[in-house]
Number of protein chains: 2
Amino acid sequence: MSDASMPIGQLARSAGCKVQTIRYYEQVGLLPPPARTAGAQRRYGEAHQQKLRFIRHARELGFPLPAIRELLALSDQQESDCAGADRIARRQLEAVNRRIMMLTSLRAELERMLAHGHGNRIRDCRVIATLADHGLCSHEHHEAAASSRGDGCTARGDDEAMTRR
Amino acid sequence: MSDASMPIGQLARSAGCKVQTIRYYEQVGLLPPPARTAGAQRRYGEAHQQKLRFIRHARELGFPLPAIRELLALSDQQESDCAGADRIARRQLEAVNRRIMMLTSLRAELERMLAHGHGNRIRDCRVIATLADHGLCSHEHHEAAASSRGDGCTARGDDEAMTRR
DNA sequence: GTTGAAGCTCCAGTCACTGGAGCTTTTAGA
DNA sequence: TCTAAAAGCTCCAGTGACTGGAGCTTCAAC
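Residues numbered from 1 in each chain as written. Chains lettered and ligands numbered in written order. Predicted model: local features only at pLDDT ≥ 70, side-chain atom pairs only at ≥ 80, totals over all residues. Heavy atoms only, no water.

Draft legend 1. Inspection of the pattern of salt bridges at higher detail. Residues and elements named next belong to chain A. Taken as a whole, this structure holds eight salt bridges over all chains when the rule is applied. Taking the shortest distance from any N to any O, the salt bridge between Arg42 and Glu26 comes out at 2.8 Å. Taken together, the positions of Arg42 in strand β3 (residues 42–44) and Glu26 in helix α2 (residues 19–27) put the pair 16 residues apart, joining distant regions of the chain. The class for Glu26 is buried, based on a relative accessible area of 16%. In this structure, Asp76 and Lys51 form a salt bridge, with 3.6 Å as the shortest nitrogen-oxygen distance. Of this pair, Asp76 sits in helix α4 (residues 65–76) while Lys51 sits in helix α3 (residues 46–60), and the two are 25 residues apart along the sequence. (Salt bridge = Lys/Arg side-chain N within 4 Å of Asp/Glu carboxyl O. Helix = DSSP H or I, 4+ residues; strand = E, 2+ residues; numbered from the N terminus. Buried < 20%, exposed > 50% of the residue type's maximum accessible area, 1.4 Å probe, protein only.)

Draft legend 2. View of the sheet that holds strand β2 (residues 35–36) of chain A. Residue and element names in this part refer to chain A. One open sheet holds the three strands; their spatial order is β1-β3-β2, and the pairing between them is antiparallel. Bordering the open sheet on either side are β1 (6–7) and β2, each of which pairs with just one other strand. Here β1 runs beside β3; their pairing, made up of two bridges, is antiparallel. Residue pairing in the sheet places Met6 in a bridge with Tyr44 of β3. (Pairing = 2+ DSSP bridges.)

Draft legend 3. View of α4(A). Taking 1.5 Å as the rise per residue, α4(A) with 12 residues should run 16 Å; its terminal C-alpha atoms sit 17 Å apart, in good agreement. Each element contacted by the buried residues of α4(A) is listed here: α2, α3 and α5 (83–115) of chain A together with α6 (126–132) of chain B. (Expected span 1.5 Å × (residues − 1). Contact = heavy atoms within 4.5 Å.)

Okay, structure coming up:
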């Protein structure tokens, strides 16, 4: 399974990500370039596997790549101070909290929009009316959903909600 | 203020967005091309202002542009059925709910990471250890933060959390 | 030796904007 | 009427974190 020379596909499966993602991490300097076979194929060992798992876990927690870069650098300096890592995690926690608050108020308004009985013609549709007139929604949710930052922001399709008509 | 020929900057201020954003909406067909002066500058009227406000409000609620396109088309057909708009809003509500659940479990793990007392050397740091070993976090939050889809995904900087080191 | 899976590089696309270069038009004041 | 600053214009490139494809080569099992 994990002797010292795993091909990229196997590493990808073991980390639960795509082959291209690994090559991308190498390209942007998150993963060090691995050894290559005579035919120039990548071969990975334990160290790479651990590093990749670290990265993927951090991504699942919403850390952006620059933060992960910092965390990786810190984890390589076993003797240095822990405060940096704490600070990064704390910032991320704040970002997550902000995001939850925004989404919660968005949910409230979406629910209000949907809760109102409606005629079955567009002209009486509460959803359309609410969107057209900000005054109809109870209050501010300005600058809400559109500002992510500090959470992952990919356009993958684990669920197909929206986008396709 | 809003006679029949507002320049783009004024429209942008009135909608709380950037000039470029308006031109972008026109480019992708969300806003119809406005009248132009002899010198080819855009001039907007009431109808544009309303449509732009509709778009911005929907964006704040996290609707992606393709969904907004649909909603705009619906709102132009005053006599047609309301079910479409309801369905779109309901999908968006589901997406928001999924997102909240994910973020809530992420928050829990970040809090656990931070709550543990830690030595002040990296080698004893709980944050780093947790990231390195998925087994240390109580359980699954797979496919969590990284999958947005259905909420806005911009990289604007209303807050500077993360990204800068 | 053959074949099919998996690998390679390079490039373009995603989403919803944002920023800049290098120009022209408008508008207010002198 | 002239001037200067502000605002407009078009076109293009960049953001984050991947993802997908074309067109090729290498590997591993039979």
